[in-house]
Amino acid sequence: MSLNRHQIREAAFQVLFALGSNSDASHEELYRQVLDGYHDQEEPPAYLAQLVDGVLEHQADLDEEISKYLKKTWSIKRLARTDHLILQIAFFEINYVEEVPGKVAVNEALELAKKYADDTEKNFINGVLSNKLD
């Protein structure tokens, strides 16, 4: 059974989170560790690498754009790591993945937030992304 896009986004989130703690870690090893729970998954899905590599490659541009939607008293550095990564993945999909509608990227980000953030952070992420789509 192959992974669906939601599972791939969650795996990308986990890989990016791990890379934030150890930027020298092997992507392939992290993919293997994250995908270990999916027994039939021998090779990392191409979309997983697209998300991870894309967020890493466009990190500065993504952060610059995210900053535009933050209150003036906030900065990227003040964001919780989980919120930051969820926003980066969503902004990457909205900006660079044509086959993913913006509303889908927002909904998927909120699903990640339900699992990895509290209600206040989820509402914050929703507000930032809603403003992005307006």
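Residues numbered from 1 in each chain as written. Predicted model: local features only at pLDDT ≥ 70, side-chain atom pairs only at ≥ 80, totals over all residues. Heavy atoms only, no water.

1. A look at the nonpolar core
- Among the nonpolar cores identified, the biggest contains 42 residues, and Leu-48, Val-52, Leu-87, Ile-125 and Leu-129 are the most heavily contacted of them.
- Contributions of two or more residues to this core are made by helix H1 (5-21), helix H2 (27-35), helix H3 (46-57), helix H4 (59-68), helix H5 (81-96), helix H6 (102-116) and helix H7 (119-133).
- Not counting chain neighbours up to four residues away, the residues in contact with Leu-87 comprise Ile-66, Leu-79, Phe-124, Ile-125, Val-128 and Leu-129. (Core = buried A, V, L, I, M, F, W, Y, C linked by side-chain atoms within 4.5 Å. Buried < 20%, exposed > 50% of the residue type's maximum accessible area, 1.4 Å probe, protein only. Helix = DSSP H or I, 4+ residues; strand = E, 2+ residues; numbered from the N terminus. Contact = heavy atoms within 4.5 Å.)

2. Points about H1
- The terminal C-alpha atoms of H1, which comprises 17 residues, lie 25 Å apart, in line with the 24 Å expected from a rise of 1.5 Å per residue.
- Every buried residue of H1 is listed here: Gln-7, Ile-8, Arg-9, Glu-10, Ala-11, Ala-12, Phe-13, Val-15, Leu-16 and Leu-19.
- Against H2, H3, H5 and H6 lie the buried residues of H1.
- Capping the start of H1, Asn-4 holds a side-chain oxygen 3.0 Å from the backbone nitrogen of His-6, two or three residues further along. (Expected span 1.5 Å × (residues − 1). Polar contact = N/O pair within 3.5 Å; in protein donor to acceptor, adjacent residues only side chain to side chain.)

3. Thoughts on the packing of aromatic side chains
- Tallying each qualifying case throughout the model produces five aromatic pairs.
- Taking 6.2 Å as the distance between ring centres and 35° as the angle between the ring planes, the aromatic pair formed by Phe-13 and Phe-17 counts as tilted. On the criterion of helical spacing, the pair formed by Phe-13 and Phe-17 is a turn pair, its members being four residues apart in helix H1.
- Between Phe-13 and Tyr-116, the aromatic rings sit 4.5 Å apart at their centres with planes inclined by 40°, giving tilted as the arrangement. Note that Phe-13 is positioned in helix H1 and Tyr-116 in helix H6, a separation of 103 residues in sequence.
- In this structure Tyr-116 comes out as partly exposed when scored by relative accessible area, which is 25%. (Phe/Tyr/Trp six-rings, centres within 6.5 Å; stacked < 30°, edge-to-face > 60°.)

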